[in-house]
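Reading the structure
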Amino acid sequence: MRLTINLGLAAGLALALSACGGEKAEQRITTSDGSTIKVQQGDGEGEAKITASNAEGSATMTTGGAGRWPAAAASYAPAYPGGAVSASFAGSSKEASGGMVTFTTSDSPDKVIAFYKAKAEEAGLGQVSSMDINGAKIFGAKDEQSGRSLSIQANVTDGKTSAAVTFGTDKK
């Protein structure tokens, strides 16, 4: 399934809705081919839920609220202890589910990578990549049988470690 979404428009609507106070807000756009994009204010401050649908199916993405790890995060991609979430999202469709979180911490990139490498090993994901490029650390793991995957990038920026965790499952 391939859904084409005008992400700029959806993101703009999400930002506008997240600024609404108190009551839930919703915007719906229908394109000339009958596809729809629905943007709803989420349950938490700064949250928005974006659903794109067409004749082939639908996909949903939830943008994270202020400083929160996505509730839909895979168990092998837990919140980093003491990490300050910068941005997050999680989404799902018929074929896959997953998300990404960015955060900062005073811990080193090596410590961040070690934490998620241990979580991947505990979950039965096998290492597929591990790199160090000028101090930027990258780790990837996957379980081909279940379709689960995990990727972490961590580097030092302005004296703090900035990290991005990407997780997903290909539904078979």
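Described below are features of the structure shown in this document. (Residues numbered from 1 in each chain as written. Predicted model: local features only at pLDDT ≥ 70, side-chain atom pairs only at ≥ 80, totals over all residues. Heavy atoms only, no water.)

**Topic: the nonpolar core**
- Tyr116 and Leu150 are the most contacted members of the largest nonpolar core, which has 22 residues in total.
- Mapped onto this core, the elements with two or more residues apiece are strand S6 (96-105), helix H2 (109-122), strand S8 (136-143), strand S9 (148-157) and strand S10 (160-170).
- Here the element with the most residues in this core is H2; it accounts for 4 residues.
- The residues contacting Tyr116, other than those within four sequence positions of it, are Trp69, Tyr76, Ala77, Pro78, Ala79, Tyr80, Phe103, Phe139, Leu150, Ile152 and Val165. (Core = buried A, V, L, I, M, F, W, Y, C linked by side-chain atoms within 4.5 Å. Buried < 20%, exposed > 50% of the residue type's maximum accessible area, 1.4 Å probe, protein only. Helix = DSSP H or I, 4+ residues; strand = E, 2+ residues; numbered from the N terminus. Contact = heavy atoms within 4.5 Å.)

**Section: the pattern of salt bridges**
- For the structure on display, the rule yields 6 salt bridges.
- A salt bridge links Lys137 to Asp110; the shortest N-O distance between them is 3.2 Å. With a gap of 27 residues between them, Lys137 in strand S8 and Asp110 in helix H2 connect regions that are remote in the sequence.
- Residue classification places Lys137 among the buried positions, given a relative accessible area of 15%.
- Here Lys119 makes a salt bridge to Glu122, at a shortest N to O gap of 4.0 Å. With Lys119 and Glu122 both in helix H2, this residue pair falls 3 residues apart, about one helical turn.
- On the basis of relative accessibility, which here comes to 24%, the residue Lys119 falls in the partly exposed class. (Salt bridge = Lys/Arg side-chain N within 4 Å of Asp/Glu carboxyl O.)

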